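# Notes for the structure review
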Amino acid sequence: MYLNKMGNIIAKKRREAGMTQSELAEYIGVSKPAVSKWESGYSLPDIALLPVLASFFDISIDELMGYQPQMNKRNIAAVYEKMIKNLSELSADKVFGECRSYISKYYFCWELILKMSQFMYDHYTLSSVPQEILKDVAGYTERISDQCSDNTITRAAKYLNACCLINLNQLDDAQKILEDLIEPITNAPVLLAFIHNKKGENSSAEKIIFDFIEQNLQLIFSAIPSACIFAEETDSEFCVQKYSAFLDLFEAEKNYPDHLLRFYYALSILYCKMKNKKMALDYLCKFMLLLENKIHCKEEIYCDERHFSNKMILETILDYSVENPVFEILHEEENYKKMMNKLKKLLEEYNG
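Please read these numbers as outputs of a predicted model, since none were measured by experiment. (Residues numbered from 1 in each chain as written. Predicted model: local features only at pLDDT ≥ 70, side-chain atom pairs only at ≥ 80, totals over all residues. Heavy atoms only, no water.)

### Some words on the overall build of the chain
Within the chain one finds 19 helices and two strands. In terms of overall size, the chain is more extended than a compact globule, its C-alpha atoms giving a radius of gyration of 28 Å where 352 residues would be expected to give roughly 20 Å. Along the first, second and third principal axes, the C-alpha atoms of the chain reach 90 × 60 × 45 Å. Taking all 352 residues of the chain together, 41% fall into the buried category. Sequence-distant contacts, at least 24 apart, represent 59% of the contacts inside the chain between residues at least 6 apart. For the chain, the exposed surface amounts to about 20,800 Å²; the carbon and sulfur share of it is 54%. When the 40 positive and 51 negative side-chain charges of the chain are each reduced to one mean point, those points stand 4 Å apart. (Helix = DSSP H or I, 4+ residues; strand = E, 2+ residues; numbered from the N terminus. Rg over C-alpha atoms; globule rule 2.2 N^0.38 Å. Buried < 20%, exposed > 50% of the residue type's maximum accessible area, 1.4 Å probe, protein only. Contact = heavy atoms within 4.5 Å. Areas by Shrake-Rupley, 256 points an atom, 1.4 Å probe, with all protein chains shown as cover. Lys, Arg positive; Asp, Glu negative; His and termini not counted. Charge placed at Lys NZ, Arg CZ, Asp CG, Glu CD.)

### Focus: the environment of Asn86
As for its position among the elements, Asn86 is in helix H6 (residues 73-87). On the basis of relative accessibility, which here comes to 10%, the residue Asn86 falls in the buried class. Between the C-alpha atoms of Asn86 and Tyr140, which are 54 residues apart in sequence, the distance is 22 Å. Excluding residues within four positions of it along the chain, Asn86 makes contact with Val95 and Glu98.

### Things to note about the environment of Asp172
Residue position: Asp172 is located in helix H11 (residues 171-181). Along the backbone, Asp172 and Gly18 are 154 residues apart, and their C-alpha atoms lie at a distance of 65 Å.

### Here's the deal with the packing of helix H10 (residues 151-167) against H11
Contact geometry for H10 and H11: axes closest at 8 Å, N-to-C directions at 155°. Taken together, the axis directions place H10 and H11 in an arrangement best described as roughly antiparallel. Handedness of the crossing formed by H10 with H11: left-handed. Here Arg155, Lys158, Tyr159, Asn161, Ala162, Leu165 and Ile166 of H10 lie close against H11, whose contacting residues are Leu171, Asp173, Ala174, Ile177, Leu178 and Leu181. Among the residues making up the contact of H10 with H11, the classes are represented as nine nonpolar, one polar and three charged. (Axes fitted to C-alpha atoms, helices over the stretch in contact; angles between N-to-C directions. Parallel < 35°, antiparallel > 145°, perpendicular 65-115°, else oblique. Left-handed = near helix turned anticlockwise from the far one by under 90°. Nonpolar A, V, L, I, M, F, W, Y, C, P; charged D, E, K, R; others polar.)

Encoded structure:
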């Protein structure tokens, strides 16, 4: 493949110059059969001839060899958006095949590989072979962890690797990775803001503090649903009241609606486990009202800073709500049936 790639470039550039193989051979100082073999992919030019050929065609040696540099952030974002779009038009397995092609082509572009791995993990349940997708992503993220020198990318890869291992039921391996990822929280941003303030750079100080608070709030909000579900039954009511008050304090419905959605859904699961149908339906109803409002306002829903189409989220919620055994106690309730029908109608709107 590589021979053909370089040979095709030589042939293309030669034709653009309006030259025959014999004329190019004469200029370079080789035989016509040598040029023919290059262009046919049977051999490569001697390494000493590469700068001569590149200079003759007025291109770089990289271009002559068909080398493409690693992708920048904008290109990576564009590829990710393309995969999101393709997933609504093509089969998931075909889209995952495209992801694998990008990963193979840009073998050392760690940020791209991480982004494609994240995409594949986020949607692996749509594949006809979900376990194979998980294994692939586990392999990609392990390679990033082993070979990448960027600590931010490596940590994200390790976290994603642990997520895959959990779903592959390799819990001990996942536990070890996650334990190594836990770091003590420091007040470095607070001290940094203090320095900027002392230097009279108040706007910088304010931004650092705001970003620090916002980042930690997002982490707390994302953990609240799990805190409710994992709570002992005797503590559950206290947890619900405490975290509800916390979310109200920060006006979550206005400022953090996506986190509030997950909170309501988690509480509906919690009360199903407690066999409290009324409370489970109440929170599922709150969830549906907020979800409908966001969708009718044409707002996109974001999960842990990752983008999913609203259509995919609706499909996931519908599948989970119907198939998860925890909701079985609600299946005969009229309000539950109405809510599931609402979800189906919202999906039908997306499907045209």
